[in-house]
Amino acid sequence: MSESLDLYQDAIKQMAAAAHGHGQLQSASGEAKLNNPLCGDRVYMQVALAGGRIAAIAHQTKGCLLCKAAASLLGARAVGLDISAIAGTTSALEALLREQAPVPPDWPELAMFLPAHAYPSRHKCTLLPFRALQAALRQAGAAQ
Amino acid sequence: MSEASRLRAEFPLLAANPGLHYLDSAATAQIHRTALDAVAHHETHRRANVLRGSHRLAEAADQAFDSARRSVARFLNARSADEVIFTSGATAALNLVAQAFGATLQPGDRVLISLAEHHSNFVPWQMLRDRAGIALDILPVGVNGELDLAALPQLVTDRTRLIAVTQCSNVTGAWTDVAAIVAAARAVDARVLLDGAQAVQHGPQDVQALGVDFYAFSGHKAFAPNGIGVLWGRAGVLASMPPFLGGGGMIDEVTAEKSSWAEPPRRFEAGTPPIAQAVGLAAALDWMMALDWATIHAREARLCQQMIDGLQRIPGLRLLGPEASVRRAPIVSFDIAGLHPHDVCQVLDHHGLALRGGHHCAQPLLAALGVDTCSRASLALYNDEADVAACLDAVAAAVATLT
């Protein structure tokens, strides 16, 4: 057998199990449902905005551990951020997955996804909640 | 050396990767050496377009292409090689029927498929329904995903023109009772299309004995190259169908005002066909026709049962598929409570196993089985006990890693 599989380190499993933000908002400013047709991952993301910033976030995520961990991380960290901050973090995660770019200092938790760099088919799983949040934010912006 | 080991050595990729346990043949079977060699030989010595030239290379290419068609006809026990249409794959073959046979249907006509179909035998019919105003009926499945043949009398009507079903489920491995489908169709003079994608890697077929009107399969699931597939159609049915794609090779005559069509099969092969791929397919099918299938089937069934028995002992694992009494191909799908198949198959890959996890392009069937996704181990003639044992160990390891 080859070396240990660091993709499934405890940080990922614990973040996925915590399921921060899992649930539904009573009153959402925007929402989006995104699928990953390759593997069947599904994210239903809702946001409530106040003053252009995320006041509340909720998601229902059916997916793999990477997808669940990413959604849970957003549930834990997204409140208080605006659409440009989420866009910046999404870009940082993309670069981290694609080319092992440095972990942004304000999002040290993204380091847990570094091992996924070696598995391109899993990048979309990891990014799906971030893309869903961006889509929900765009919808919220369009509705304002 | 065991028979499976001897066969394994004939597959270049498996020979080059001795540590690999390849259990994803339902997605793509590995290419046999003879097929690979045939492609290389054709491209090295006979590469030219077909039906278009009179130079010696073109003549040689024509002969190779015609010979490939005859090999397919023998593999399917077709009455004539003219009933064999080369396509780019099974999906293209199924879409060809939906387009060309579909063009002969009238609003109000009905097509019956089953809930167990691969998306390639589902979506084209939904598209035809939305385009042509036909009705699409769906044969339900039982709790284990097997076709509910008891529902046939209610769903087959005098407006039913076609029943299009899988010969073998790509998720559960269950073989369809084709005779029951054919009998129901014949009672109302409907045609039958069989999606043989999962069947062909388990041996030669007999379309005359099956009694169907269309049979579709792809080369990459029959130890042959990808980019090649086959639609077999009963001569009289093919002759009644208009072309699907227009272009070179499929015409009788073209004037500035109009065109007339070639006879089948060329009517349905517009443009330059996948020539070398057809030659490779023929080489694979010729090789398969010389094998001892009774022995291979016995081994596949034994390994499949070992897989089922072993997986059943893993806590939290649910097997998807038919009861033991139903004949099945060596395809074993399973769901482990709380674990996503993408993660399971990632860990299995780490242990040297290739399995597919996902919805297997059969979302309606998985929904009926109560899951969004599942993991699937599919066995072929080159697999052996070591593959099964490695899989069982690795699934147990995946559970430990992921929980």
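For every chain, the first residue of the written sequence is number 1, and numbering continues from 1 along that sequence. Following the order in which they are written, the chains are lettered starting with A and the ligands numbered starting with 1. Predicted model: local features are reported for residues with pLDDT of at least 70 only, side-chain atom pairs are reported and counted for 80 or more only, and whole-chain, interface and lining totals are derived from all residues. The basis for the side-chain values is all heavy atoms of the structure; hydrogens and waters are excluded.

**Q** What is the right way to look at the overall build of chain B in this model?
**A** Starting at the N terminus, helices and strands are each numbered in turn, a helix being any DSSP run of H or I of at least four residues and a strand any DSSP run of E of at least two. Of the regular secondary structure elements, chain B holds 15 helices and 15 strands. A compact globule built from 403 residues should have a C-alpha radius of gyration of about 22 Å, and chain B, at 22 Å, falls within 12% of that. In chain B, which comprises 403 residues, the share counted as buried stands at 57%. Nonlocal contacts in chain B, meaning residues at least 24 apart in sequence, comprise 71% of its contacts between residues at least 6 apart. Averaged over its 31 positive side-chain charges, chain B has a centre that lies 3 Å from the centre of its 40 negative ones. Taken over C-alpha atoms, the radius of gyration is set against a globule rule of 2.2 Å times the number of residues to the power 0.38. Throughout, exposure labels follow a simple rule: accessible area from a 1.4 Å probe, protein chains only, divided by the maximum for the residue type, with under 20% read as buried, over 50% as exposed, and the rest as partly exposed. Any pair of residues with heavy atoms lying within 4.5 Å of one another is described as a contacting pair. Counted as positive: Lys and Arg. Counted as negative: Asp and Glu. His and the chain ends are not counted at all. A charged residue contributes its charge at one atom only: NZ of Lys, CZ of Arg, CG of Asp or CD of Glu.

**Q** So what exactly am I meant to see when it comes to the packing of aromatic side chains here?
**A** For any two aromatic rings, the description comes down to two numbers: the centre-to-centre distance and the angle of the planes. For Phe, Tyr and Trp, where Trp contributes only its six-membered ring, two rings pair if their centres lie within 6.5 Å, and the inter-plane angle classes them as stacked under 30 degrees, edge-to-face over 60, or tilted in between. All told, the structure shown has ten aromatic pairs over all chains when counted by the stated rule. For the pair Phe 11 of chain B and Phe 223 of chain B, a centre-to-centre distance of 5.6 Å together with 65 degrees between the ring planes defines the contact as edge-to-face. With a gap of 212 residues between them, Phe 11 of chain B in the loop between helix H1 (3-8) and helix H2 (12-16) and Phe 223 of chain B in the loop between strand S7 (214-218) and strand S8 (229-233) connect regions that are remote in the sequence. By the burial criterion, Phe 11 of chain B is buried, and Phe 223 of chain B matches it. Here the basic side chain of Arg 77 of chain A rests over the ring of Trp 107 of chain A, its NZ or CZ set 4.3 Å away from the ring centre. Lying over the aromatic face of Trp 175 of chain B, Arg 327 of chain B brings its terminal NZ or CZ to 4.6 Å of the ring centre. Geometrically, a charge over a ring is one whose NZ (Lys) or CZ (Arg) sits within 6 Å of the ring centre while staying within 35 degrees of the ring normal.

**Q** Mind showing me how you'd approach the pattern of salt bridges here?
**A** Side chains that carry opposite charge are capable of pairing whenever their charged atoms lie near each other. Salt bridges, as used here, are contacts in which a Lys or Arg side-chain nitrogen is within 4 Å of a carboxyl oxygen on Asp or Glu. Taken as a whole and judged by the stated rule, the model has 23 salt bridges over all chains. Ionic pairing is found between Asp 372 of chain B and Lys 62 of chain A, a salt bridge with its closest N-O pair at 3.0 Å. Taken together, the residues span two chains, with Asp 372 of chain B in the loop between helix H14 (363-369) and strand S15 (374-378) and Lys 62 of chain A in strand S3 (residues 53-62). Overall, Lys 62 of chain A belongs to the partly exposed group, its relative accessible area being 46%. Close ionic contact of Glu 94 of chain A with Arg 131 of chain A constitutes a salt bridge, the shortest N to O distance being 2.9 Å. With a gap of 37 residues between them, Glu 94 of chain A in helix H3 (residues 83-99) and Arg 131 of chain A in helix H4 (residues 123-143) connect regions that are remote in the sequence. With a relative accessible area of 23%, Glu 94 of chain A lands in the partly exposed category. Residues participating in the shared-partner salt-bridge network are Arg 186, Asp 189, Arg 191, Asp 213 and Arg 234 of chain B.

**Q** It is not clear to me how the sheet that holds strand S5 (residues 160-166) of chain B should be interpreted in this structure. Could you clarify?
**A** Through backbone hydrogen bonds, the strands of a sheet pair up, either in parallel or in antiparallel fashion. All names here are of chain B. The seven strands lie next to each other as S2-S8-S7-S6-S5-S3-S4, forming an open sheet whose pairing is mixed. If you trace the sheet from one side to the other, it starts and ends with strand S2 (84-87) and strand S4 (135-139), each paired once. Between one strand axis and the next, the sheet turns through 20 degrees on average, direction left out of account. Strand direction decides the pairing type here: S5 and strand S6 (residues 191-195), joined by five bridges, are parallel. Opposite Thr 166, over in S6, you have Asp 195 as the bridge partner. Of the strands in this sheet, S2, S7 and S8 touch helix H4 (residues 56-76), which is tilted by about 115 degrees from S2. For every element, the axis is a line fit to its C-alpha atoms; helices are fit only across the contacting stretch, and the angle between N-to-C directions ranges from 0 to 180 degrees. Each of S4, S5 and S6 is contacted by helix H8 (residues 178-187), which is oriented at about 155 degrees to S6, the strand it contacts most. Between any two strands, at least two bridges found by DSSP are needed for them to pair.

**Q** What am I meant to see in the domain arrangement of chain B here?
**A** Residues and elements named next belong to chain B. Along its sequence, chain B is carved into domain 1 (3-29 + 292-402) and domain 2 (35-289). Simply put, the buried area is the total loss of 1.4 Å probe accessible area from both parts when two parts are fitted together. When the two sides are added together, the surface that domain 1 and domain 2 hide from each other amounts to roughly 2,800 Å², 60% of it contributed by carbon and sulfur. N or O atoms within 3.5 Å of each other form a polar contact, as long as, within protein, one can give a hydrogen and the other can take it, and as long as residues adjacent in sequence are counted only when both atoms are side-chain atoms. Put simply, domain 1 and domain 2 have 21 residue pairs in polar contact (both at pLDDT 80 or more) between them. Of all the elements in the fold, those that place two or more residues in the side of domain 1 that touches domain 2 are helix H12 (293-312), strand S12 (331-336), H14 and S15. Tallying contributions element by element places H14 first for the side of domain 1 that touches domain 2, with six residues. Segmentation of the chain into domains, including their bounds, is taken from an automatic or database domain assignment.

**Q** I'm lost on the interface of chain B and chain A in this one. Help?
**A** How big an interface is tends to be expressed through the accessible area that disappears when the partners come together. Listed by partner, the interface residues are 15 residues for chain B and 23 residues for chain A. Summed over the shared surface of chain B and chain A, the number is three salt bridges. Note that Asp 343 of chain B and Arg 122 of chain A form a salt bridge whose closest N and O atoms lie 2.8 Å from each other. On inspection of chain B and its partner chain A, the count reaches ten residue pairs in polar contact (both at pLDDT 80 or more). If you list the elements that add at least two residues to the side of chain B that touches chain A, you get helix H13 (341-350) and helix H15 (385-402) of chain B. Among the elements that take part in the side of chain B that touches chain A, H13 of chain B stands out by supplying five residues, more than any other.

**Q** Hey, could you run me through the sheet that holds S15 of chain B in this one?
**A** Residues and elements named next belong to chain B. Pairing in this open sheet of four strands is antiparallel, and the strands run S11-S12-S15-S14 from one edge to the other. Each edge of the open sheet is held by one strand with a lone partner, namely strand S11 (317-320) and strand S14 (356-358). Averaged over all pairs of adjacent strands, the angle between their axes in this sheet comes to 30 degrees, without regard to strand direction. Relative to S12, S11 runs antiparallel, the two sharing four bridges. In the sheet register, Leu 317 faces S12, and the bridge partner there is Ile 336. Set on the sheet, H12 makes contact with S11, S12 and S15; between it and S12 the angle comes to about 10 degrees.

**Q** Which parts of the structure should I look at to understand H12 of chain B?
**A** Because the α-helix completes a turn every 3.6 residues, residues three or four places apart line up on one side. Residue and element names in this part refer to chain B. Expected helix span is given by 1.5 Å per residue-to-residue step, counting one fewer step than there are residues. Counted at 1.5 Å a residue, the expected span for H12 with its 20 residues is 28 Å, and the 28 Å between its end C-alpha atoms agrees. Here H12 has its buried residues at Trp 293, Ile 296, Arg 299, Glu 300, Leu 303, Cys 304, Met 307, Ile 308, Gly 310 and Leu 311. Buried residues in H12 make contact with H1, helix H11 (275-289), S11, S12, S15 and H15. If you check the start of H12, you find a side-chain oxygen 3.3 Å away from the backbone N of Ala 294, and it comes from Asp 292.

**Q** Sorry if this is basic, but what is going on with the pairing of S4 of chain B here?
**A** In regular strands, side chains alternate between the two faces of the sheet. Residue and element names in this part refer to chain B. The element S4 is largely enclosed, with a buried count of four among its five residues. Of the pairings in the sheet, the one linking strand S3 (residues 110-114) to S4 comprises five bridges and is parallel in character. For Val 111, the partnering residue across the bridge sits in S4 and is Leu 136. Whether a crossover is right-handed depends on one test, that the path from the first strand over the helix to the second runs clockwise when the strands point away from the viewer. Regarding topology, helix H6 (residues 123-132) serves as the crossover connection from S3 to the parallel S4, and that connection is right-handed.

**Q** Would you mind going over the side chain of Arg 376 of chain B with me for this structure?
**A** Residues and elements named next belong to chain B. Within the element layout of this structure, Arg 376 appears in strand S15. At a separation of 2.8 Å, a polar atom in the side chain of Arg 376 contacts the main-chain carbonyl oxygen of Asn 170. If we skip the residues at most four places from it in the chain, Arg 376 touches Leu 23, Asp 24, Ala 26, Ala 27, Asn 170, Ile 331, Val 332, Ser 333, Leu 355, Arg 356 and His 360.

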